[in-house]
Amino acid sequence: SMYQLLKDYCTENYHACPSPGELYKGQNLGDWVFAQRENQHKSFELRLEGKADASSMTDQQVTLLNEVGFVWNEKEASWFDMYRLLK
């Protein structure tokens, strides 16, 4: 599964943020990660509107991604990475 590929990627690369289009073990993991961010954002908006449906990302999916250190907001993560380097 793509989730297992992400876990393997994290083990090898020490982060869960492949670049868009980045291939890993022959799979487009970068685009899959991007799609998960988009799905989570869409699911959040639907829940706010009371319109969550079967295509919405589940809490369990979010939890699993969080467990591997999934980066939901690349810009924010990059800012904090640079901030930590300044310390």
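Our structure is the block above this text.
Quick summary incoming for the structure in this document.

Scoring rules and cut-offs
Residues numbered from 1 in each chain as written. Predicted model: local features only at pLDDT ≥ 70, side-chain atom pairs only at ≥ 80, totals over all residues. Heavy atoms only, no water. Helix = DSSP H or I, 4+ residues; strand = E, 2+ residues; numbered from the N terminus. Expected span 1.5 Å × (residues − 1). Contact = heavy atoms within 4.5 Å. Phe/Tyr/Trp six-rings, centres within 6.5 Å; stacked < 30°, edge-to-face > 60°. Buried < 20%, exposed > 50% of the residue type's maximum accessible area, 1.4 Å probe, protein only. Disulfide = S-S within 2.5 Å.

A look at helix α2 (residues 29-48)
Helical geometry: 3.6 residues make up each α-helical turn, so side chains three or four residues apart lie on a common side.
Then, number 1: Given a rise of 1.5 Å per residue, 20 residues ought to cover 28 Å, and the 29 Å separating the end C-alpha atoms of α2 matches this to within 8%.
Then, number 2: Looking one or two residues beyond α2, the residue adopting positive phi is glycine 50, at roughly 70 degrees.

Brief notes about the environment of valine 33
Then, number 1: Tracing the backbone through its elements, the reader meets valine 33 in helix α2.
Then, number 2: Here the alpha-carbon distance between valine 33 and tyrosine 3, two residues 30 residues apart in the chain, equals 9.3 Å.
Then, number 3: Setting aside chain neighbours within four positions, we find valine 33 in contact with Leu6, Pro18 and Phe70.

A closer look at the packing of aromatic side chains
Then, number 1: Per the stated rule, a full pass over the model turns up two aromatic pairs.
Then, number 2: With centroids separated by 5.3 Å and ring planes inclined at 85 degrees, the aromatic side chains of tyrosine 9 and tyrosine 24 adopt a geometry described as edge-to-face. Separated by 15 residues along the polypeptide, tyrosine 9 in helix α1 (residues 2-13) and tyrosine 24 in strand β1 (residues 23-24) bring together distant segments of the chain. You'll find tyrosine 9 and tyrosine 24 in the same group, each marked buried.

Describing the state of the cysteines
Then, number 1: Evaluation of the coordinates by the stated rule reveals zero disulfides.
Then, number 2: Take cysteine 10: it sits in no disulfide, and the sulfur closest to it among the cysteines is that of cysteine 17, at 9.7 Å.

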